[in-house]
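Structural features, examined
Here is how the chains run, residue by residue.
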Amino acid sequence: MSSHDRSTELGGFLKARRAQLTARDVGLPETVTRRKVTGLRREEVAQLAAISVDYYTRLEQGRVQASASVLITLAKALRLDEDQQAYLYELAGKTDARPRRRRTQQLRPAMRRLLDQLTENPAIVLGKRMDILAWNTPATALYTDFAQIPPARRNYVHLLFTHPAMRALHIDWEHSAHTAVAALRMEAAKDPDDPDLAVLVGELSVQDSDFRTWWATHQVNSASYGTKHYRHPVVGGLTLDCDTWDSPDGSGQRLMILTAEPGTPSHDALRILASWTAQPENA
């Protein structure tokens, strides 16, 4: 098969697969307006794969060859199974394009010990892409029960934009969310070809216009410290200092701790929250 024929077949396969999926299949909000096309729109697939609409259109039209990194994100965006992925790479002439399975992020034992010893202060261990790897009981009481959230969705930025309780907790949500997007941009520079990052960005870009706009500005922020203002349904207003500490082993894991000035109402509120959740939480 010539390269032209492969490109044509690839475009046909992408178009056919797109027609087989619904917004619900890929976790997108369903609209009340009638769709002009069967299945997903090109714009939706492009955003899910974190590529431009023009580039995706040219792929379907057989006018451009897909790179290995684009094939990875397209396979995830279109929910391809193993056989479909093999077929996709064969058509693209990159049969060895599929990456080896990435190692699961493992929580450092020292981080777990630190969490267990922080009995009054909410603390979270963040990994790559700001994934939430572990947390302590006060963090559950402040934010939400992370154990009830599927691991694939247990990401700080994703929850900030999509989890109602997390979103309502922040008094100045727009500032907090904008800062989180800038921090995620900073993380992206460490591994720009990370397919999981591309999927995360694609999903949030489709689901939230604010995220899409802020991500496009390329603002960066290490978000290593700052002040957070919360309105908790049990203890009311909280003003907390947030500090993030990098692990010294180069794993990329960071410990985020929230504290309050002793003697303040926020400090008393943290003590109440610490006793609110009776059972310790294991991540």
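Residues numbered from 1 in each chain as written. Predicted model: local features only at pLDDT ≥ 70, side-chain atom pairs only at ≥ 80, totals over all residues. Heavy atoms only, no water.

The name an unreviewed UniProt entry assigns to the chain is XRE family transcriptional regulator, from the organism Kibdelosporangium aridum.

**Here's the deal with the pairing of strand β4 (residues 236-246)**
Bridging between strand β3 (residues 225-232) and β4 involves eight bridges; their strand directions are antiparallel. By the bridge assignment for β4, Y225 is matched with D243. Adjacent in sequence and paired antiparallel, β3 and β4 are bridged by three residues. Bridge count for β4 against strand β5 (residues 254-259) is six bridges, and the pairing is antiparallel. Considered in β5, the bridge of C242 is made with L258. (Pairing = 2+ DSSP bridges. Helix = DSSP H or I, 4+ residues; strand = E, 2+ residues; numbered from the N terminus.)

**So, the sheet that holds β3**
Judged by pairing direction, the sheet is antiparallel, and its five strands sit side by side in the order β2-β1-β5-β4-β3 without closing on themselves. Sheet topology places β2 (132-135) and β3 at the edges, where each strand pairs with a single neighbour. This sheet shows a mean twist of 25° between the axes of neighbouring strands, independent of strand direction. (Axes fitted to C-alpha atoms, helices over the stretch in contact; angles between N-to-C directions.)

**Notes on the nonpolar core**
Core analysis: the largest hydrophobic core is formed by 42 residues, its most contacted members being I124, L142, Y143, F146, Y156, F161 and F211. With seven residues, helix α10 (residues 173-188) is the largest single contributor of residues to this core. In this structure, V26, A49, Y56 and L78 belong to the second largest nonpolar core, which totals 31 residues. (Core = buried A, V, L, I, M, F, W, Y, C linked by side-chain atoms within 4.5 Å. Buried < 20%, exposed > 50% of the residue type's maximum accessible area, 1.4 Å probe, protein only.)

**Considerations on the confidence of the model for the chain**
Confidence in the prediction of the chain, expressed as mean pLDDT, is 86, and 90% of residues score 70 or more. Within the model, the stretch residues 278-283 combines pLDDT values under 50 with 14 contacts to residues more than four positions away or in other chains. (pLDDT = per-residue confidence, 0-100. Contact = heavy atoms within 4.5 Å.)

**Quick notes on α10**
Relative to the 22 Å expected for 16 residues at 1.5 Å per residue, α10 spans 22 Å between its end C-alpha atoms, a close match to the ideal helical length. Of all the residues in α10, the buried ones are W173, S176, A177, A180, V181, A182, A183, L184, R185, E187 and A188. Summarising the contacts, the buried residues of α10 are in contact with α8 (156-162), α9 (164-169), α11 (195-207), α12 (209-216) and β5. (Expected span 1.5 Å × (residues − 1).)

**Structural notes on the packing of helix α4 (residues 68-77) against helix α5 (residues 82-91)**
Taken N-terminus to C-terminus, the directions of α4 and α5 make an angle of 150°; their axes are 11 Å apart at the nearest point. By the angle between their axes, α4 is roughly antiparallel relative to α5. The handedness of the crossing between α4 and α5 comes out as right-handed. On α5, the residues that touch L71, I72 and A75 of α4 are Q85, L88 and Y89. Residues that form the contact of α4 with α5 fall into these classes: five nonpolar, one polar and no charged. (Parallel < 35°, antiparallel > 145°, perpendicular 65-115°, else oblique. Left-handed = near helix turned anticlockwise from the far one by under 90°. Nonpolar A, V, L, I, M, F, W, Y, C, P; charged D, E, K, R; others polar.)

**A few points about the pattern of salt bridges**
Tallied over the entire structure, the rule returns 15 salt bridges. One salt bridge connects E203 with R153, and the closest N-O pair in it is separated by 2.6 Å. Placement of E203 in helix α11 and of R153 in the loop between α7 (137-142) and α8 is noted, with a sequence separation of 50 residues between them. By sharing partners, the salt bridges in this structure join R18, R42 and E60 into a single network. (Salt bridge = Lys/Arg side-chain N within 4 Å of Asp/Glu carboxyl O.)

**Details of α5**
Listed as buried for α5 are Q85, L88, Y89 and L91. Looking down the long axis of α5, one finds its buried residues gathered within 160° of arc, a one-sided arrangement. Structural note: α5 exposes E82 and D83 on the side pointing more than 90 degrees away from its buried face. Its side-chain oxygen placed 3.2 Å from the backbone nitrogen of D83, D81 serves as the N-cap of α5. Looking one or two residues past α5, G93 carries a phi angle of roughly 70°, positive in sign. (Arc of directions from axis to C-beta. Polar contact = N/O pair within 3.5 Å; in protein donor to acceptor, adjacent residues only side chain to side chain.)

**What to know about the packing of aromatic side chains**
Taken as a whole and assessed by the stated rule, the structure comprises nine aromatic pairs. A centroid spacing of 6.2 Å and a plane angle of 50° characterise the contact between Y143 and F146, whose relative ring orientation is tilted. The two residues Y143 and F146 agree in class, both being buried. Seen from their ring centres, W173 and W214 are 6.1 Å apart, and the 40° between their planes marks the pair as tilted. Of this pair, W173 sits in helix α10 while W214 sits in helix α12, placing them 41 residues apart in sequence. By the burial criterion, W173 is buried, and W214 matches it. Members of the aromatic cluster, connected to one another through ring pairs, are F161, W173, F211, W214 and W215. The cationic tip of R167 hangs over the ring face of W173; the distance from NZ or CZ to the ring centre is 3.7 Å. (Phe/Tyr/Trp six-rings, centres within 6.5 Å; stacked < 30°, edge-to-face > 60°. Lys NZ or Arg CZ within 6 Å of the ring centre and 35° of its normal.)

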